[in-house]
Every structure is written in structure tokens, then in C-alpha cells.
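Structure assessment
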Amino acid sequence: MRILIVDDEPAMHASYARSFAPVRAKNAGALDAMAAALFGDDAADDVESDAPTFTLTRCDQGLDAVAEVERALAEGAPFPVAFIDIRMPPGIDGRETARRIRALDPDINLVIVTGYSDFSPLEIAKVAGPTDKIFYIAKPFEVSEIVQTATALTHRWQADRELRAARETLAAQVKQLEEQGLELAANESRALHLATHDSLTEAPNRLAFLRALGERARKPGLFGTAMLDLDRFKLVNDTLGHLAGDALIREMCAKLQQSSPEGAVVARLGGDEFGVLFDTAGQEAAVMACERMIAACSVTFSVLGNSVRGGASCGLVAVDGRDDRDPLDIVRRADLALNDAKRSGRGVVRLFDDSMDDSIRFRRDVEDRLSQAVQREELSLAYQPIVSRDGLEIDGFEALVRWNTNEFGLISPDTFIPIAEESNLIHELGDWILGAALKELQHWPGQYVSVNFSPRQFRRHNFVGHVMESVQRAGVSPGRVQIEITETAIFDDAERAAETLYKLRQMGFRIALDDFGTGYSSLYNIRKFALDCLKIDRSFIDGMGRERESAAIVHSIIHLGRALGLGVVAEGVETEAQVQALRVAGASHMQGYYFSQAVPPERARALAEQRSMATPPLMASGATR
């Protein structure tokens, strides 16, 4: 312990020297003998192990002390404590000495030692404060008093330094975390922009358009949904090249944005197809708005030095948001109207009517038949393995429903699930799927089953209790059941969804966010939901090798999942190249035809016993998904 002594009296320096002399120097022989007799020869070496050792630097005048403090700071070995006399003629007094030392070293502890009362403690504190670093001892002092003061203040000084270092380290870590958070938010923003905008025109893409349409469809009031397709676009590509085609698409997009109704959403849906969503006063007003857009596009453009005559055809649907229409069905009807416009000679607007839709009767027939499918035992489940990235172990299976009818044959889930959702048959269908999956799960050695739940099921009253009751009735651990939900299911009512997911996780269920990337999730929302993994939509996996945007989205989702401590499952994996790319990117699990198509229960049991897909069978030629 380094101590600074400032006093003009030689006798005081002698007193300090005696006070801070090592304990061993006074009675080392007696203590050694006693320790050896009681505890053995080695104990004598430990007699003074706990006694502090002091190194004194003594100064007769205040200016010398100030110089010593300055030198110690320069050498990186500052004094923890300074004992200062008040009267030190003919130089500066103790008050001024304390002031100058404090100016040099804010951390040093100052002990004022005096037998006089020339200055009050308040006066000294004003110039050499803070008060918690100034202490007072009266002359003459006791040895124990001076030693205890020096020891305590030195330990305190060391503790203050360590605390400051810890705070600085913590502040640096906090700053680093903030920077990482900003970087993650920036990456999220870029990923969201890529996921919701067309790279050629910077207009919203199909995903963003469907989201905007879904939001508008839940609000009252009439609105129009228009599908526009460029006329003779293939001729431009074939004769002038794809660069000219891209330039024409950009020009047409700009025209649509300029001529569309105020507040409209103009999106490029893919290729030469555009979608426009806008509020309208009625069907006639909607048709007139579309005719203005068609007229704006029917002009001559200069494309890479060539004159190109523009043109477009339009299909239109005008509906009221109070009708609770399915956005995909609205788009489908607008597409039917667009096809009719093209058959009518192009350059025209066609308003949808039911005569264009031969599938309406089919949908009604499917709905009627679906209500009896469970009783007729027409439903079955197939199971697709979910394998780990490294060892290709089969960790679980996704349960996929199949419906085979005598009247219509095999009906795709993409057809009958939306019908069930709209008709409220989804609850009966979902209960059957969950029960059948839990029953089959009991035949597997340890894998989990992943069951899809629609938005309407997820919003069902007492959804948590219903699922838990089914699991308990089947005698299955909740940890072997993964609940798959879509972004639509949770973001329609985020607060309620967060509470529901939290309860499910508390009970032990696994939670997967399905088709991730096809909706509009913010990092804030993802963080507040109790999730176990994200499932990347197969459309992005399929586009990885062809589209820079798809590859960027896949990498962004994987990095986002890993940063949040979530697993990431890539769906629709069909090639070795995709497997290797996903492994490098860091996806935790994969699922797709490269490993296995969805198989019947008997085959799933054999795969579960096999436990690994180390030599994955490729998709059979001509197999259907």
C-alpha cells in the first residue's frame, strides 16, 4: 500500500514510520517461536500473512507533495491515501496542498492531520472535495487509528477503481449490444424490403399486395381490386431483348402509379402482371378508374432507343369489405375477369361476374361433401420427415391431411382447406387431424409431430384448453407436439396471440411459425411471441438458385432466427445444392422431397425406427406433392 505523508515536522515523520512499520519487525522472534511450538515449523511463515504492508513517500512541504502526486500519476502508480498536515511554513499550507492534489487526482483519499483549527472541515471540503474523500485525524494520533484509517481507505480506493472498471466494461458491453441491435434492425429492415418489394420497379410485390388486400378486406366500404397484364409484352422481349422488356415494365409501372386513384396500392405481381387496390364509390366509378389507367398505358414509349406501343388489359372486382372476402379469392376472381378481357381483344376492362367462375358450383359441392368426409372415412394423414442439418436425424414429422373422394378423386388441401376455413368446418376437420396425429405419434420412438392450425382454429375460444385436453386424452407429452401457425393467425390480434402462445409454451408445446417470409413480420413482434422455430416458405427455397432476392431472404431469415435463439426449418428442399447451401447458411432443420415425400403412417413408423435419413431417397419420378 502506497501512502503519501505531508508534514514539516521530522518527529511526525518518525511517528508515521513507527506506526506503519511491519508487525514482524517488533516481535518477529517471539511470534515465530510461538507459532512453531503450537502449529509446526511452517506456521511461522504465516504469522504476518494478513498484516498490510505500507510503502511511505514522505514530503516536508506541500509543493513537494504535489510534485510527487503528479509523478505517481505519470508513472501509472497513483497514491490511494495522503496524510496532510495543515501548518507547513514557509510553503503552502495543508488546505492549498489538498486543493492542488485534488485537482491532479480526483480519486485520492485525503486525510487532514492537525492539532489546530485554522480551517473548518467545510472550508477544506469546498476546495478539496468531495466530502466522502476527505477525512480528519487530530494530533496526537494513536497508531491503531492511523493504520486502520490507511488500511480502510486503501481498500476503499481499490474497490472504487474496480467498480469504475466494471462500470466501464458494462458500458462498453451495453454500447456493443446497442450497436448490434441497430445492425440487426437494419438487417431486418433490408430483409423486409426485399421480401415485400419488387427489385425491378421498387413497387410492392405480390406478398405486400396480398397483405394490403387482406387488411382492406376487413374494413367496411367498397373497394376495387384490378389485375392488369401488358399487351404484346412477349413480342417486346422476343424482338428487343429482356433489357428492353425490363425497361418497358418500369415505364408501365410509373404510368400506373401516376394514373391510379389517390391512395391506391400499385404492385408488380410478377412478369408483366400488376395489381391495383383502391377505394371506390361504386362499380361504375371503379371501371372508369381502370379505364383511365388503361388509357395512360396506351401510349408510345421510347425503350432503349426504340419506339414501343404500350397497352394493357384489366380484370376488376369491386366488393364491400363487410362481406369478409378471402383475399386470394378476390385475386382469383380478378384474374378470371382479366382472362375474359384478353379474350375480348385486349386493351379493355372487364368487371367480374359469377358467369366467369365455373368453380363456384364446385366449391359448394366440395363444402357439402367435406361436411361428411369424417363420417365416410375419406380422410387420411401423411407424414413428411423433418431432419436435422448435420446428422440428418429424423427429429419429427409434419402431419399433412389427404382427402380422397369417390366423386372428385383426390382433392388438394390447397382446395379444401380454404373452403373449410370459410365454412367453419375447419374445427371439425382440425379436431380429426389432431386426434389422428396424436394416435399415430404413440407408435414412434421419440420424434415429435407437427400439426398445422389455421387462423380460425387459433382464434377458437379456449384453444389452449382444447389442445391440452386432446393431448392428455391421448396420453402424449406436450413436448412431442409442435403447433404450426401462420403469421396471419398471430398478427391479426397480436396481444391475444402472444398470450395464447405463452400459455402453450408454459405447458410444454413446441411452437413453429409456418411459411415465414410470406407475410409481414417485424423483429419486435417476433421477439415478443413465444416461438421455437421459423419455417421458411418453400417458394424462397425453390428460388435460391435462380433469384438473388430469394437467396438473400433465406439467409436473412436464418440469421434472424439464430440471433433470436430459434430453430429454422427450410421447407421444400428438393436438390443436393439446396441442402449444401442451407447447411452453409446455418438452417437447423430441413424438410422436402429430397429426403422424403409425405408418406403413409406405416412408412412413417419405419422411418421413425430408422431415426436417420443419412442416405436420403430422392423424389420418385412423377410423384405428386
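You'll find the structure just up there.
Residues numbered from 1 in each chain as written. Predicted model: local features only at pLDDT ≥ 70, side-chain atom pairs only at ≥ 80, totals over all residues. Heavy atoms only, no water.

**Some points on the sheet that holds strand β4 (residues 109-114)**
Our working rule: Any two strands are treated as partners once DSSP identifies two or more bridges connecting them. Every helix listed is a DSSP run of H or I at least four residues long, and every strand listed is a run of E at least two residues long, numbered separately from the N terminus. All axes are obtained by fitting lines to C-alpha atoms, using only the stretch in contact for helices, and the reported angles, taken between N-to-C directions, cover 0 to 180 degrees. Contact definition: two residues touch when any of their heavy atoms are within 4.5 Å.
Read across the sheet, five strands follow the order β2-β1-β3-β4-β5 without closing on themselves; strand pairing throughout is parallel. Of all the strands in the sheet, the pair left with one neighbour each is β2 (55-59) and β5 (134-138). The sheet shows a mean angle of 20 degrees between the axes of neighbouring strands, taken without regard to direction. Taken strand by strand, helix α3 (residues 62-74) contacts β1 (2-6) and β2, and its axis lies near 160 degrees from that of β1. Sheet strands touched by helix α4 (residues 94-104): β1, β3 (81-85), β4 and β5. Its angle to β3, the strand with the most contacts, is close to 155 degrees.

**Overview of the pattern of salt bridges**
To be explicit about the condition: Each salt bridge in this description consists of a side-chain nitrogen of Lys or Arg and a carboxyl oxygen of Asp or Glu lying within 4 Å of one another. Partly exposed describes any residue whose relative accessible area lies between the buried limit of under 20% and the exposed limit of over 50%, with all areas from a 1.4 Å probe on protein chains only and scaled to the type maximum.
Tallied over the entire structure, the rule returns 30 salt bridges. The partner of Lys234 in a salt bridge is Asp238, with the nearest N and O atoms 2.8 Å apart. Remark: Asp238 and Lys234 occur in helix α8 (residues 233-240); sequence separation between them is four residues, near one turn of the helix. Each of the two residues, Lys234 as well as Asp238, counts as exposed. Between Arg389 and Asp390 there is a salt bridge, and its shortest N-O distance comes to 3.2 Å. In this structure, a network of salt bridges that share partners links the residues Asp132, Lys133, Arg156 and Asp160.

**Quick word on the nonpolar core**
Side chains that are nonpolar tend, in soluble globular proteins, to be buried together. The condition is simple: Residues enter a nonpolar core if they are buried and are Ala, Val, Leu, Ile, Met, Phe, Trp, Tyr or Cys, with the set joined through side-chain atoms within 4.5 Å.
Grouped together as the largest cluster of nonpolar side chains are 83 residues, with contacts concentrated most on Leu501 and Leu582. In terms of residue count, the dominant contributor to this core is helix α14 (residues 426-441) (seven residues). Aside from chain neighbours lying at most four places away, what touches Leu501 is Phe458, Ile485, Ile490, Ile511, Phe529, Ala530 and Leu531. Counting residues in each nonpolar core, the second largest holds 32 residues, with Phe233, Ala247, Cys253 and Phe301 among its members.

**Some details on the packing of helix α6 (residues 143-196) against helix α21 (residues 548-563)**
Inclusion rule: In this scheme, a crossing is called left-handed if the near helix is turned counterclockwise away from the far one by less than a right angle; it is called right-handed if the turn is clockwise. Three residue categories are used. Nonpolar comprises Ala, Val, Leu, Ile, Met, Phe, Trp, Tyr, Cys and Pro, charged comprises Asp, Glu, Lys and Arg, and polar comprises the others, including Gly.
Direction vectors running N to C along α6 and α21 enclose 145 degrees, while the axes themselves pass 10 Å from each other. In terms of crossing hand, the pair formed by α6 and α21 is left-handed. Across the interface between the two elements, Leu184, Ala191, Leu194 and Ala195 of α6 pack against Glu549, Ala552, Ile553, Ser556 and Ala563 of α21. Taken together, the residues that form the contact of α6 with α21 break down as seven nonpolar, one polar and one charged.

**A short note on the pairing of strand β9 (residues 300-303)**
Covered by surrounding structure in β9 are Phe301 and Val303 only, the residues Thr300 and Ser302 on the alternate face being uncovered. With four bridges joining them, β9 and strand β10 (residues 306-309) adopt antiparallel strand pairing. Its bridge partner lying in β10, Thr300 is registered against Arg309. Between β9 and β10, which pair antiparallel one after the other, the connecting turn spans two residues, and Leu304 there sits at a positive phi close to 50 degrees.

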